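# Residue-level structural notes
Below, each chain spelled out in residue letters.
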Amino acid sequence: MKFAANLSMMFAEVAFPERFRAAASAGFTAVEYLFPYDWSSDLLAAKLRYYNLQQVLFNLPPGNWEAGERGLASLPGREQEFSEGVAKAIACARHLNTPRLHCMAGLRDQIIDGQVQRAVYVNNLRHAAQQCADNSIQLLIEPINPIDIPGYFLSDFGLSLDILAEVNATVPGLLKLQFDIYHCQKIHGDVPAWLEKCRNHTAHLQIAGVPNRHEPDLGDLPMAEILEICADIHPDLWIGCEYRPKAHTPTGLEWMKPYI
């Protein structure tokens with residue numbers, strides 16, 4: 001199976017630029033993380049080359065993260081800023097040879113009608129996904145549970161499938177799903193059933209233990225069974241290890257050995 005270290009959460013024992021070395025030393029051949037924008041693209045590209053790592057995913061600019069914003073795609077009146085963010089992300093992805101970008105939806109704006117916000121979201125996604133496709137990049141959306149991000153606009157896997165159908169109505173496959181097992185369990189439960197429902201729409205997987213988002217083998221999920229399902233229906237997809245290690249990151253990687 002193909003596992004990518006999420007450097008925003010893993011190897012926090014060292015500063016971010018040193019996490020590339022740590023990931024490679026632990027046996028990873030690929031990485032993902034939330035955002036590259038605080039670092040020089042040349043620096044990140046050099047780290048990837050030196051440690052022979054593939055960058056498989058990062059997020060579009062989320063707006064003002066420190067102020068609590070969690071994406072711009074569904075926010076009316078922010079279309080220009082969103083479009084500029086898409087261009088910035090594409091330029092960075094091309095520099096880092098990154099094949100996938102995740103577009104955060106943003107928070108539900110209770111002042112406006114939900115259908116209006118949805119229409120803004122779909123329109124932004126359609127244009128952003130086409131711009132990404134023109135640059136050989138796949139755009140993804142991800143349902144996020146309302147406990148980790150209260151008020152997140154896309155907090156339901158069923159809604160995500162509806163959004164995908166709407167965006168992809170004219171160009172099939174333009175937009176795909178980032179399926180996070182942790183978020184699925186927190187939102188719906190029954191992860192195997194949802195993996196099957198979403199199998200034709202999923203382009204990237206992520207894992208973590210539930211409920212505490214530690215190593216995948218810590219918690220309530222039968223992770224061995226779920227990983228077996230993932231290997232069966234998504235044998236070629238990267239699986240992002242988007243979890244917060246309970247203690248020392250390398251020590252906690254024992255769970256991965258049977259799968260690599």
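My aim in this report is to walk through the structure given alongside it, one point at a time.

Cut-offs and rules
- Residue indices follow the written sequence of each chain, beginning from 1 at its first position.
- Per-residue local features are limited, in this predicted model, to residues with pLDDT of at least 70; the limit for side-chain atom pairs, both in listing and counting, is 80 or more; totals at the level of whole chains, interfaces and linings are taken over all residues.
- The basis for every side-chain value is the complete set of heavy atoms in the structure, and neither hydrogens nor water enter the calculation.
- Under the scheme used here, helices are H or I runs from DSSP no shorter than 4 residues and strands are E runs no shorter than 2 residues, and both carry numbers assigned from the N terminus.
- Classification of residues uses two cut-offs on accessible area relative to the type maximum, computed with a 1.4 Å probe and protein chains only: under 20% is buried, over 50% is exposed, and between them is partly exposed.
- Working rule for contacts: check all heavy atoms of both residues, and any pair within 4.5 Å makes them a contact.
- Any pair of N or O atoms that falls within 3.5 Å is considered a polar contact. Within protein, one atom must be able to donate a hydrogen and the other to accept it, and sequence-neighbouring residues count only if both atoms are side-chain atoms.
- Among buried residues, the Ala, Val, Leu, Ile, Met, Phe, Trp, Tyr and Cys ones that are joined through side-chain atoms within 4.5 Å form a nonpolar core.
- Lines fitted to C-alpha atoms define the axes here, with helix axes fitted over just the stretch in contact, and angles between the N-to-C directions of these axes take values from 0 to 180 degrees.
- Each angle is binned into one of four classes, with values under 35 degrees roughly parallel, values over 145 roughly antiparallel, values of 65 to 115 roughly perpendicular, and all other values oblique.
- Throughout, a crossing is termed right-handed when the near helix is turned clockwise from the far one, and left-handed when it is turned anticlockwise from it by less than a right angle.
- Three residue categories are used. Nonpolar comprises Ala, Val, Leu, Ile, Met, Phe, Trp, Tyr, Cys and Pro, charged comprises Asp, Glu, Lys and Arg, and polar comprises the others, including Gly.
- Any Lys or Arg side-chain nitrogen located within 4 Å of an Asp or Glu carboxyl oxygen qualifies as a salt bridge.
- Here the aromatic set is Phe, Tyr and Trp, taking the six-membered ring for Trp, and pairing holds for ring centres within 6.5 Å; pairs whose planes are under 30 degrees apart are stacked, those over 60 apart are edge-to-face, and all others are tilted.
- Geometrically, a lysine NZ or arginine CZ counts as sitting over a ring once it is within 6 Å of the ring centre and also within 35 degrees of the ring normal.

### Looking at the environment of A89
Structurally, the position occupied by A89 is in helix α3 (residues 79-96). A residue is classified by how much of its surface remains accessible, and A89, at 0% relative accessible area, is buried. Linking A89 and Y37, residues 52 residues apart in sequence, is a C-alpha distance of 8.5 Å. Those residues in contact with A89, other than ones at most four positions away along the chain, are Y37, F58, L60, P61 and L101.

### Re the side chain of K47
By the element assignment, K47 lies in helix α2 (residues 41-50). Given a relative accessible area of 15%, K47 falls into the buried group. In this structure the side chain of K47 is engaged in a polar contact, spanning 3.4 Å, whose partner is the backbone oxygen of P17. If sequence neighbours within four positions are ignored, K47 has contacts with P17, E18 and F20.

### Quick notes on the environment of E79
With respect to the helices, strands and loops of the structure, E79 is situated in helix α3. When the C-alpha positions of E79 and A22 are compared, they lie 38 Å apart, and in sequence the two are 57 residues distant. Those residues in contact with E79, other than ones at most four positions away along the chain, are V120 and N124.

### With respect to the nonpolar core
Ranked by internal contacts, the top residues of the largest apolar core, which has 80 residues, are F28, L101, L139 and F179. When residues of this core are assigned to their parent elements, the largest contribution, 7 residues, is made by α3. Dropping the residues within four chain positions of it, F179 is found in contact with F157, C184, V191, W194, L195, C198, T202, H204, L205 and Q206. Formed by 7 residues, the second largest nonpolar core is a distinct cluster that contains V56, L57, L140 and W238.

### Notes on the packing of helix α4 (residues 114-134) against helix α5 (residues 157-167)
Running from amino to carboxyl end, α4 crosses α5 at an angle of 55 degrees, the nearest separation of the two axes being 10 Å. Looking at the two axes, α4 sits oblique to α5. Regarding α4 and α5, the two cross each other, and that crossing is right-handed. Packed against α4, whose contacting residues are R118, Y121, V122, L125 and R126, the element α5 presents L159, D162, I163, E166 and V167 at the interface. Each residue belonging to the contact of α4 with α5 can be placed in one class, and the counts come to 6 nonpolar, no polar and 4 charged.

### Some words on the pattern of salt bridges
Enumeration according to the criterion identifies 9 salt bridges in this entry. A salt bridge links R21 to E18, with the nearest nitrogen and oxygen atoms 3.7 Å apart. Taking the relative accessible area as the measure of exposure, R21 reaches 32% and is therefore partly exposed. Connected through shared salt-bridge partners, E18, R21 and K47 make up one network.

### Topic: the packing of aromatic side chains
This structure, assessed with the given rule, holds 14 aromatic pairs. Between F35 and Y37, the aromatic rings sit 6.4 Å apart at their centres with planes inclined by 35 degrees, giving tilted as the arrangement. Arranged with centres 5.1 Å apart and planes meeting at 70 degrees, the rings of F35 and W65 form a pair that is edge-to-face. Residue F35 is found in the loop between β2 (30-32) and α2, and its partner W65 is found in the loop between β3 (54-59) and α3; the two are separated by 30 residues along the sequence. Through a chain of ring-to-ring contacts, three or more aromatic side chains come together here, namely F16, F20, Y33 and W39. Geometry around W65 places R70 over its ring, the cationic atom sitting 3.6 Å from the centre.

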